[in-house]
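# Survey of secondary and tertiary structure
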Amino acid sequence: MEFETKRLIIKPTDDEFLHIIKKEQENPFSAISYEEQTELTLEKFSKEVTSTDLLALRQFLSKLKNPPRKHPATNLGFFRNSRSREYLKIFRKEGNVPIGYFLTINGDTLTPNVEIYLYSSFHHMGYGTELLMGAINNARNMKRYTELYCLTSVHNKNGIALVEKCGGILQEPEFPHQHFFFKEYKLPVTND
């Protein structure tokens, strides 16, 4: 799903950059982890969340971390490009500076999930909005997808605002108390 926007170039990554992504995701000062998000939610909603919810959450996160592959015998690992998971490097055109990555999960389906990660020094500059709108327009031009999906933590107010600004439609939770943990949005790509 390689594309360009007014200020950005989104292109395939390489093994070296995948290693940087892995290090960044292991960095304790990077974005809040799923585990931390779960702890925050449990502190706030301990009376409402049941053990059934936690099991459903674990299965849900497992599906995101390890999406089903067409060839299960080939385990390329979490940080490898595959038909199910594609990392794209985001460059700022000015100075050809890498500013983060764009992830497509299950890009071989009609309804892939997308994720944006921008380095903190590039937050609040409009890059996220430009990138997500560019991804939607690119998907529309490709005529390959019917919609994109984007998942964000309920604790990520900026992420929620970004997805809603780009036309995200909040979906019904997959399990009863998912809305305590995550919000899932549909981003329509077709004009139907």
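Since this is a predicted model, take the numbers as computed values, not measurements. Sequence positions are assigned chain by chain, starting from 1 and proceeding in written order. Totals for whole chains, interfaces and linings use every residue, but because this is a predicted model, local features are given only for residues with pLDDT of at least 70 and side-chain atom pairs only at 80 or more, for both listing and counting. To obtain the side-chain values, all non-hydrogen atoms of the structure were included, while hydrogens and water were left out.

Think of it this way: any DSSP run of H or I at least four residues long counts as a helix, any run of E at least two long counts as a strand, and we number them from the N terminus. Per the secondary structure count, the protein includes 5 helices and 8 strands. The N-to-C order of helical and strand elements in the protein reads β-β-α-α-α-β-β-β-α-β-α-β-β. Of the contacts formed within the protein by residues at least 6 apart in sequence, a portion of 64% connects residues at least 24 apart. Of the roughly 11100 Å² of accessible surface on the protein, 52% is carried by carbon and sulfur atoms. By the convention used here, residues are in contact when the closest approach between their heavy atoms is within 4.5 Å. The accessible surface values rely on the Shrake-Rupley method and a 1.4 Å probe; as for residues, cover is taken only from the protein chains in view.

Right, let's get into the pattern of salt bridges. A side-chain nitrogen of Lys or Arg and a carboxyl oxygen of Asp or Glu constitute a salt bridge if their distance falls within 4 Å. Scanning all chains against the criterion turns up 2 salt bridges. For Glu4, the salt bridge is made with Lys93, and the minimal N-O distance between the two is 3.1 Å. With Glu4 in strand β1 (residues 3-4) and Lys93 in the loop between β3 (85-92) and β4 (97-105), the pair connects residues that are 89 residues apart, well separated along the chain. With a relative accessible area of 34%, Lys93 lands in the partly exposed category. Measuring nitrogen to oxygen at the nearest pair gives 2.6 Å for the salt bridge that ties Glu130 to Arg7. You can see Glu130 sitting in helix α4 (residues 127-142) and its partner Arg7 sitting in the loop between β1 and β2 (8-12), a full 123 residues away along the chain. Relative accessible area decides the class of each residue, using a 1.4 Å probe on protein chains only: under 20% of the type maximum gives buried, over 50% gives exposed, and in between gives partly exposed. Under the relative-accessibility criterion, Arg7 is labelled partly exposed at 29%.

Turning our attention to the sheet that holds β3. Read across the sheet, 8 strands follow the order β1-β2-β3-β4-β5-β6-β8-β7 without closing on themselves; strand pairing throughout is mixed. Sheet topology places β1 and β7 (169-170) at the edges, where each strand pairs with a single neighbour. Any two strands are treated as partners once DSSP identifies two or more bridges connecting them. As paired strands, strand β6 (residues 147-153) and strand β8 (residues 182-188) are joined by 7 bridges and run antiparallel to one another. Following the sheet pairing, Cys150 is matched in β8 by Tyr185. Contacts from α4 reach β1, β2, β3, β4, β5 (113-118), β6 and β8 within the one sheet, and its direction differs from that of β5 by about 150°. Strands in contact with helix α5 (residues 157-165) are β5, β6 and β8; relative to β8, the strand with the most contacts, it is inclined by about 20°. Every axis in this analysis is a line fitted to C-alpha atoms, fitted for helices over the stretch in contact. Angles between the N-to-C directions lie between 0 and 180 degrees.

This part is about the side chain of Thr104. Examined against the element boundaries, Thr104 turns out to sit in strand β4. Ignoring any residue separated from it by four or fewer positions in sequence, one finds Thr104 in contact with Met1, Ser84, Arg85, Glu86, Pro112, Asn113 and Val114.

On to the state of the cysteines. When two cysteine sulfur atoms lie within 2.5 Å, the pair is treated as a disulfide. Scanning the entire structure with this criterion turns up 0 disulfides. Unpaired in this structure, Cys150 has its nearest cysteine sulfur neighbour in Cys166, at a distance of 9.0 Å. Owing to a relative accessible area of 9%, Cys166 belongs among the buried residues under this scheme.

Let us now look at the pairing of β3. Among the 8 residues in β3, 6 count as buried, and that is most of the element. For β2 and β3, the ladder comprises 5 bridges, and the chain directions are antiparallel. Bridge pairing links Pro12 to Leu88 in β3. In the sheet, β3 pairs with β4 via 8 bridges, with the strands oriented antiparallel. For Leu88, the partnering residue across the bridge sits in β4 and is Phe102.

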